[in-house]
Amino acid sequence: MSEQTLTLTISGLNCASCVRRAETAINGVDGVQSASVNLGTGKAQIQLDGSVDPTTAADQAVAAVEATGYGAERAEAPGGKANDENPAAREQALLLQRLRLAAVFTVPLVIIAMGRHLPGGQAFFHTLLPERAWIGIEWLLATPVVFWAGREFFVRGLAEMLHRAPAMSSLVMIGAGAAYLYSLLVLLVPGLFPAGTAGSYFEAAGVIVTLILAGRYLEQVARGRTSQAIQRLLRLQSRTARVMRDDEPVEVDVDAVAVGDRVLVRPGERIPVDGHVREGQSRVDESMLTGEPVPVAKAAGDELSAGTVNGSGSLTFDVTRVGGETVLARIIDMVERAQAEKPPIQRMADRVAGVFVPIVLVVALATAAVWLTVGPEPVLSYAFVATVSVLLIACPCAMGLATPTAIMVATGKGAEQGMLMRRGAALESLARADTVVLDKTGTLTVGQPRMTDLVVPSGAEDEALAMIAAVEQHSEHPLAEAIVSAARERGLSLSAATDFDAVSGYGITAQVEGRYVHVGAAHYMEWLGVDTTAVADAVARLARDARTVVYAAVDGQLLGVVGIADPPRPESAAVIHDLKAAGLRVAMVTGDQQATADALARQLGIDEVMAGVLPDGKAREVGRLQADGQRVMFVGDGINDAPALARADVGIAIGTGTDVAIESGDAVLMRADLNGIRDALSLARRTHRTIIGNFVWAYGYNVLLIPVAAGLLFPFTGWLLNPMAAAAAMSLSSLFVLTNSLRLRRFSPAPSAGSTTPQPEVAHG
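Residues numbered from 1 in each chain as written. Predicted model: local features only at pLDDT ≥ 70, side-chain atom pairs only at ≥ 80, totals over all residues. Heavy atoms only, no water.

Helix and strand content of the protein chain: 27 helices and 27 strands. Of all 765 residues assigned to the protein chain, the portion counted as buried reaches 53%. Long-range pairs, those at least 24 residues apart, make up 70% of the contacts in the protein chain with a sequence separation of at least 6. (Helix = DSSP H or I, 4+ residues; strand = E, 2+ residues; numbered from the N terminus. Buried < 20%, exposed > 50% of the residue type's maximum accessible area, 1.4 Å probe, protein only. Contact = heavy atoms within 4.5 Å.)

What follows deals with the UniProt feature "transmembrane region" (unreviewed entry) in the protein chain. The feature "transmembrane region" (unreviewed entry), as annotated in UniProt, sits at residues 99-118, 133-150, 171-193, 199-218, 352-374, 380-403, 695-714 and 720-738 in this numbering. Annotated as 85% helix and 0% strand, the span residues 199-218 places its first and last C-alpha atoms 32 Å apart. For residues 695-714, the end-to-end C-alpha separation is 28 Å, with 85% helix and 0% strand making up the annotated structure. (UniProt positions renumbered as here; feature names shortened; annotations may be inferred.)

By definition, the strands of a sheet pair up through backbone hydrogen bonds, in either a parallel or an antiparallel sense. Taken in spatial order, the 6 strands line up as β6-β5-β7-β13-β8-β11 in an open sheet, and their pairing is antiparallel. Two strands lie at the open edges of the sheet, namely β6 (248-253) and β11 (303-304), each paired on one side alone. Across 4 bridges, strand β7 (residues 262-265) lies against strand β13 (residues 315-321) in antiparallel orientation. The residue bridging Arg 262 from the neighbouring strand is Asp 318, located in β13. (Pairing = 2+ DSSP bridges.)

Time to look at the packing of aromatic side chains. Per the stated rule, a full pass over the model turns up 13 aromatic pairs. Here the aromatic rings of Phe 124 and Phe 125 are separated by 5.5 Å at their centres, their planes lie at 85°, and the arrangement is edge-to-face. Phe 125 gets classed as buried once you look at its relative accessible area, which sits at 11%. Ring plane angle 25° and centroid distance 6.1 Å describe the contact between Tyr 524 and Trp 527, whose orientation is recorded as stacked. One end of the pair, Tyr 524, and the other, Trp 527, are both in helix α19 (residues 522-528), 3 residues apart, so they sit about a helical turn from each other. Residue class for Trp 527 comes out exposed when judged on its relative accessible area of 56%. Positioned over the ring face of Trp 148 is Arg 151, at 5.0 Å from the centre of the ring. (Phe/Tyr/Trp six-rings, centres within 6.5 Å; stacked < 30°, edge-to-face > 60°. Lys NZ or Arg CZ within 6 Å of the ring centre and 35° of its normal.)

Another point: unusual backbone geometry. The omega torsion of the bond from Glu 377 to Pro 378 falls at -5°, within 30 degrees of zero and hence cis. Structurally, the position occupied by Pro 378 is in the loop between α12 (344-374) and α13 (379-393). The backbone of Asp 247 shows a phi angle near 65°, a positive value even though the residue is not glycine. Position of Asp 247 relative to the elements: it lies in the loop between β5 (240-245) and β6. A residue is classified by how much of its surface remains accessible, and Asp 247, at 68% relative accessible area, is exposed. Unlike most non-glycine residues, Glu 513 shows phi in positive territory, near 50°. Relative to the assigned elements, Glu 513 resides in the loop between β18 (507-512) and β19 (515-520). A relative accessible area of 61% means that Glu 513 is categorised as exposed.

Further remarks concern the pattern of salt bridges. One pass over the structure, following the stated rule, counts 25 salt bridges. Among the salt bridges present, the one from Lys 413 reaches Glu 416, with a minimum N-O distance of 3.6 Å. With Lys 413 and Glu 416 both in helix α14 (residues 397-416) and 3 residues apart, the pair spans about one turn of that helix. On the basis of relative accessible area, Glu 416 is assigned to the partly exposed category, the value being 28%. Between Glu 608 and Arg 624 there is a salt bridge; the shortest N-O distance is 3.1 Å. You can see Glu 608 sitting in strand β23 (residues 608-610) and its partner Arg 624 sitting in helix α23 (residues 615-627), a full 16 residues away along the chain. On the accessibility criterion, Arg 624 (35% relative accessible area) is partly exposed. A single network of salt bridges, built from pairs that share partners, joins Arg 585, Glu 608, Glu 621 and Arg 624. (Salt bridge = Lys/Arg side-chain N within 4 Å of Asp/Glu carboxyl O.)

The next subject is the nonpolar core. Within the largest apolar cluster, 142 residues are counted, with the highest numbers of intra-cluster contacts made by Ile 10, Ile 26, Ile 46 and Met 633. Dropping the residues within four chain positions of it, Ile 26 is found in contact with Leu 8, Ile 10, Val 32, Ala 35, Val 37, Ala 44, Ile 46, Ala 61 and Val 65. Among the nonpolar cores identified, the runner-up in size contains 29 residues, and Val 471, Val 512, Val 519 and Ala 552 belong to it. (Core = buried A, V, L, I, M, F, W, Y, C linked by side-chain atoms within 4.5 Å.)

So this is what it looks like as C-alpha cells:
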C-alpha cells in the first residue's frame, strides 16, 4: 500500500534537543516510517506505513509526544479555515500571562536584592528589617516566579531527565533550581555553609526564569512573523459563495459548494473556489498566485482560481475544484511542506544538538569540580556561580532556530512572488547549483511558431502578406497558422481564396482576387519555374538563423519569402546573461536539430548545446553533467521534462498562470517568465548566506561564551559571568538568529528583464 502523511502541531519546543526528543518519541510509534519535527513551525511531518490506520497512529503519536512533556494535536488539513486560536497563538498568550506575573514579582525582588549591595543600601535596608528577614521576603517573591511562571521548565526538564534526553528545559531547571535551593538552604540552615558562602541567589533564580520567559515570548512573536505568508494565504480563502439555485444566487458556506455548481461573483469580490468562466467578462487580480500585478482578462472558458480578486465585471463560473483541491489550498500545502522539511544542513545541526546538552552537563560538572578544587575563597560561591552560568549560557535554542526560521521566511516570501518551493531542501540545492540546463521549446522560447521575417523584393509588404495569408488560412499546418496570425496582428483584411489545392510535398495553391498564388518550399518554386535569385542573400541569412523559409509566388512571379521560427522569450537573453554573471554555466537541451539549436544558442549566449535529445534522454544528459561533478539545476515545463526535473540536483518547473504542473520539480514558477529563475536563485543564495550566518553566530556564541561562563577570564581579570547575565545572553542569541532570518522579508525581485508578453520583431526586406 502507498505511504500516508500525517501532520502534528507540537507546542513547547524550545531548542534543537527538544526537536530530537520529539522525533525520537514519534519514530517509536508502530507504523511510523519517518518523522521530521520543525522547530520554527512547531509542526511534525510524519510518514506512515500504508497498512496502518492514520487515526490510530495519530493518537499514538500525540500520546508519545505528550509523554515527553510537550503538547501535541493533529494539525488541520491544508486549505482549512484560518484559525486565530491555533496552538502557537495559545502558547504565545500563555507565555505573555506568565511573563507578566514573573515581572510583577521579579522587579521588587531585584530592587530588594540589588539595593542592599548599593553604596549605603545595606545600612538603609537594615534599619527597616534584619538581613534574614529580607532573604525571607526574597523567598516569598521568588517562589511564584520559579514554581508558577517557570513551572513548565521543571515539568519538561524532569521529563527530559527521566527519558535520559536532557534539553533546554533541563538546563534551565538545574540552573534556576540550584539557585533557588541554595538560597533556601541559606535561609533555613545558614550554619550549613562555610563562612562567607551563605549568600542568597533568589534574585538570580527569579531573573533567570523571567529573562528566559521574555526571550521565549519574543521568539514566539518573531516566529509568528516568519509564518505570516501562510496566514495571509489562509485569509485569502472566502468563507461564503453565491451558488445559483433555480437561476437565483443563494449565499452558502464555501464548504457546501460542490464540483459542478454554478457560482456568481460580483465586482470586487474574491473568487471562492476554482472553476471555468461560463458567462461574463472581467479582469481578475491573480497577483497572490503569480506575483504578476497586472489583472488578467477573463471570458467564457477561462480558468479562475480561489483567492483571486474579481475586477469590475460580473462572472458566472462552473466549479471544478473545491476544498483542499483548489490551487490556493495546494499552494498552502506546498509551502507548509517545504517549511517543515529539513535541508541537509539542518539534519547535521540536529545530530550535533543530540549530543550537545549532555556534553554541556559534563562541562558544568567539570567546572564545579575545578572551582571546588583550585578556586579562591569563598570557593563554594564561585563554584556555584560558574556552574549555573555554564548551564544557562549553553542552551542550544539558537542552533535549533538557525535553519527553520530562515527557510520559513524564504519560502513564504517566494510564494508571494509566485516562486513555490515544494521542498525546503530546494533552497539549499538551488544556492549550491553551478550549472543550469534549460529546455528549449516552451521554456527559452514562446513555444509556438511565429513569423519572424518577411522579405518582399518589390511591392508593399502588407499587400503581399495579405495575399499569402489568404491562401494559408485554409491550411491547418502550424507554419500556416503563424502566417495568418501575423497578418491578423497587423490588422490586415484577408480576401476569400478559391480553387484551393494542396500539392503533397511541395506546398499549396489557390486563386485570390483572380490571381494564382503558390506558397511552399524552395523546390516548389523550382518546379514552377519561379526565379528566386532576388531573395538568395536573404534566404542564406535566414538559414544561418535557423529560420524555416516559406516561398510565395503570384502568377508565376516571386512574391516574397517568409521566415518562421519559435522565437525566444523577450527576457531570455537578459536572464541568461544574469545567470552567467552569477557564476553559473548555462546549457540548453532540445529535441530540435543541431543547426536550429546552435542558432538560438548564439542569439542568447548559451555556453553548451545538447541537440536532438528525446524527452527520456534529457535525464541522461543531466546525469552526465552530474558525473562530471557539476551541481545541476534543470528548468523545464514540468510535464514533458519530469524525468530530468527529478534527476537534477534541483528541478524548476515553469508554469503558465495557474495551469501549472504543481507536482513537478522541486520548485514551481507560477508565471511563464524566466525572470523567476534569476529571482529564485537570488532568494536561495541570500537564504543560504543567512543560514550560514545564523550557524556561525549560534555555534560561535556557545564556543566562545561557555569557557567565559566557566571562569576562563577570572585568573586574568577577576571577572566572572553572573547567572542572570548568562540567561539574558542566551535569550539574546536566539533573538539575533530570528531577527537575522526576518531580514529575508525585505527580499524583492530584481526588475524584470524584458516583457513577459512575447512581441517578436519582424525583419523586413
